[in-house]
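Secondary and tertiary structure notes
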Amino acid sequence: HDLCCSFHQVGCKVDSASDCNEDDKEGWDVVKRASCCQRWKVGCPATTTTTQTTTVTTTTPPPYNCMNNLRKWVTDWAPAKKAWCCQHDQIACPPDPSKMLDAEAAG
């Protein structure tokens, strides 16, 4: 038993923390590694922690349905809905007076 430990570092007893302070921990046999880890918290196998991140994307619905009651937008829609639908969807925009003048001049 002592010969195996002396010449091959196999089956060695671990009696003190100094037995576990060798630099070549990779060369330790399973018994020595387990003993040093259990008794002195030295040479323990590294643990890997995996963290998983989940990203949740939420979509906020628009504040107005610009297709709802579109035929009566001039009389039935609130000014805020008219402005929002014109700005975001280019729907129900008031006529541009300058374009009307251009069309009349061309016609």
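Residues numbered from 1 in each chain as written. Predicted model: local features only at pLDDT ≥ 70, side-chain atom pairs only at ≥ 80, totals over all residues. Heavy atoms only, no water.

1. A few points about the nonpolar core
Counting six residues, the largest nonpolar core consists of Cys66, Trp73, Trp77, Cys85, Ile91 and Ala92. The contacts of Ile91, once residues within four sequence positions are left out, are Cys66, Met67, Leu70, Trp77, Cys85 and Cys86. (Core = buried A, V, L, I, M, F, W, Y, C linked by side-chain atoms within 4.5 Å. Buried < 20%, exposed > 50% of the residue type's maximum accessible area, 1.4 Å probe, protein only. Contact = heavy atoms within 4.5 Å.)

2. Observations concerning the packing of aromatic side chains
For the structure on display, the rule yields one aromatic pair. The interplanar angle of 55° and the centroid separation of 6.1 Å between the aromatic rings of Tyr64 and Trp84 together place this pair among those described as tilted. In this pair, Tyr64 sits in the loop between helix 2 (30–40) and helix 3 (73–76) while Trp84 sits in helix 4 (residues 79–89), placing the two residues 20 residues apart along the sequence. Using a relative accessible area of 28% as the deciding quantity, one classes Tyr64 as partly exposed. (Phe/Tyr/Trp six-rings, centres within 6.5 Å; stacked < 30°, edge-to-face > 60°. Helix = DSSP H or I, 4+ residues; strand = E, 2+ residues; numbered from the N terminus.)

3. Examining unusual backbone geometry
One non-glycine residue, Gln90, adopts positive backbone phi at about 50°. Mapped onto the elements of the fold, Gln90 is located in the loop between helix 4 and helix 5 (97–106). Phi is positive for Ala92, which is not a glycine, with a value near 65°. Examined against the element boundaries, Ala92 turns out to sit in the loop between helix 4 and helix 5. For Ala92, a relative accessible area of 13% puts it in the buried group.

4. Quick look at the confidence of the model for the protein chain
Averaged over the protein chain, the pLDDT score is 77; the fraction of residues at 70 or greater is 70%. For the protein chain, per-element mean pLDDT is lowest for helix 5, which scores 54, and highest for helix 3, which scores 92. (pLDDT = per-residue confidence, 0-100.)

5. Quick word on helix 2
Residues of helix 2 that are buried: Lys32, Ser35, Cys36 and Cys37. Looking one or two residues past helix 2, Lys41 carries a phi angle of roughly 60°, positive in sign.

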